[in-house]
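So you can see what is in the structure, the chains are spelled out below.
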Amino acid sequence: MITEEATETAPAPVREEPQPPRPAKRRRSWDEVPRWHIYLPLSIYLVFTLIPFYWILLFALRPAGSTSLVPWPITFDHFEKVWTERAFGTYFENSVYVGLATLVMTTLVALAGGYALARFDFKVRNAFMLALLCSQFVPGALLLVPLFEIFAELKMINSLGSVIIAETVFQLPLSMILISNFIKNVPYSLEEAAWVDGCNRMTAFRIVVLPLLRPGLIAVGSFAFVHSWNHFLFALMFLNNQDKQTIPVGLNTLMSADSVDLGALAAGGIIAAVPVVIVFAFIQKWLITGFSAGAVKG
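Colleague: An account of the overall build of the chain is requested, with residue identities and associated values reported.
Modeller: Tallying secondary structure elements over the chain gives 14 helices and zero strands in all. Start at the N end of the chain and walk to the C end: the helices and strands fall as α-α-α-α-α-α-α-α-α-α-α-α-α-α. Within the chain, the fraction of its 298 residues that count as buried is 35%. Nonlocal contacts in the chain, meaning residues at least 24 apart in sequence, comprise 72% of its contacts between residues at least 6 apart.

Listed below in structure tokens is the structure:
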């Protein structure tokens, strides 16, 4: 028999409130597509991309006359041959000099021109921008004859300076357009605040704007360097002596009408490709950020 005291001390039952139904998890488009639909095309593309690189490594590392599909035993005779006998060491130094000089000149001139296009309003600005865009449709081969005549009058034929100037002129239109877009993304109010604090225009640009342009400058500079490193026509036309030639012209000397030294040509191709790969491996983050910023007008 339940006493009255036990009834009074017994805790009242806790009533559980019903929980609201949890919303169903929204599936993304990635989850709706089978993974093999994505990985299979990417794998096929990767195979077709890597096969030429493996083929170059195969010819460069296997002994001359070998037909093996595996580079064994590995030999570096082809690299030693092109570096010493074919003067690729000199070609490499010339290409580095031309690439770095083109990078510096293109970046400086494009920075000045891009700032003028982004910050100053003048009558012919739109016409000038249109001219820069139209110049991108002109093939570089059409510039060979007028540039050759100009450099011949200036006594600059067979000089690395002629190639540097030609590469800079060819890279400037696109570089100036990109730099102007980068600068437009920087708020103009930041420069005005620096002027209020007592800075002149040059000081405000150096302190406020220039640090924010680092991704864009790296993108433009790397693009100019790679193009000048790989360009063939200007070096072929303006340089005659072997000690002045660059790597693309040096690769062309490895091919003759009668025969082609595939091992030496593959080794020279690897020597030409490795510096560019190293540069892009270190600057890929800044390169992607820079081109993304320059593609959007602020």
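After presenting the structure, the write-up continues.
Colleague: A description of the packing of aromatic side chains should follow, citing residues and the corresponding values.
Modeller: According to the stated counting rule, one finds 13 aromatic pairs in the structure shown. Seen from their ring centres, Tyr115 and Phe205 are 5.0 Å apart, and the 75 degrees between their planes marks the pair as edge-to-face. Of this pair, Tyr115 sits in helix α5 (residues 88-119) while Phe205 sits in helix α10 (residues 201-212), placing them 90 residues apart in sequence. Note on accessibility: Tyr115 and Phe205 belong to one class, buried. In textbook terms, an aromatic cluster arises when at least three aromatic residues are bridged by ring pairs, as seen for Phe148, Phe151, Phe170, Phe234 and Phe238. Sitting over the ring of Phe59, Arg62 keeps its end group 4.5 Å from the ring centre.

Colleague: Could you give me a rundown of the side chain of Ser180, with the residues and numbers involved?
Modeller: Along the chain, Ser180 turns up in helix α8 (residues 160-184). Residue classification places Ser180 among the buried residues on the basis of a relative accessible area of 0%. Within the local environment of Ser180, its side chain forms a polar contact with the backbone oxygen of Ile177, the two atoms lying 2.6 Å apart. Filtering out sequence-adjacent residues up to four positions away, Ser180 remains in contact with Gly114, Leu117, Ala118 and Met129.

Colleague: Quick one: what's the story with a nonpolar patch on the surface, residue by residue and with numbers?
Modeller: Among the surface-exposed residues, Tyr54, Trp55, Leu69, Val70, Trp72, Ile74 and Phe76 lie close enough to one another that they form a single nonpolar patch of about 820 Å² accessible area. Along the chain, Tyr54 falls in helix α3 (residues 35-61).

Colleague: Could you give an account of the packing of α8 against helix α11 (residues 214-230), naming the residues involved and the relevant values?
Modeller: Between α8 and α11, the least distance of the axes is 10 Å, while the angle of their chain directions is 160 degrees. Classified by the interaxial angle, the pair formed by α8 and α11 is roughly antiparallel. As α8 runs across α11, the sense of the crossing is right-handed. Across the interface between the two elements, Glu167, Phe170, Gln171, Leu174, Ser175, Leu178, Ile179 and Phe182 from α8 touch Gly216, Leu217, Val220, Phe223, Ala224, His227 and Ser228 from α11. Among the residues making up the contact of α8 with α11, the classes are represented as nine nonpolar, five polar and one charged.

What counts and how
- Residues numbered from 1 in each chain as written.
- Predicted model: local features only at pLDDT ≥ 70, side-chain atom pairs only at ≥ 80, totals over all residues.
- Heavy atoms only, no water.
- Helix = DSSP H or I, 4+ residues; strand = E, 2+ residues; numbered from the N terminus.
- Buried < 20%, exposed > 50% of the residue type's maximum accessible area, 1.4 Å probe, protein only.
- Contact = heavy atoms within 4.5 Å.
- Phe/Tyr/Trp six-rings, centres within 6.5 Å; stacked < 30°, edge-to-face > 60°.
- Lys NZ or Arg CZ within 6 Å of the ring centre and 35° of its normal.
- Polar contact = N/O pair within 3.5 Å; in protein donor to acceptor, adjacent residues only side chain to side chain.
- Patch = residues over 30% accessible without salt bridge, like charges linked within 9 Å, V, L, I, M, F, W, Y side chains within 5 Å.
- Areas by Shrake-Rupley, 256 points an atom, 1.4 Å probe, with all protein chains shown as cover.
- Salt bridge = Lys/Arg side-chain N within 4 Å of Asp/Glu carboxyl O.
- Axes fitted to C-alpha atoms, helices over the stretch in contact; angles between N-to-C directions.
- Parallel < 35°, antiparallel > 145°, perpendicular 65-115°, else oblique.
- Left-handed = near helix turned anticlockwise from the far one by under 90°.
- Nonpolar A, V, L, I, M, F, W, Y, C, P; charged D, E, K, R; others polar.

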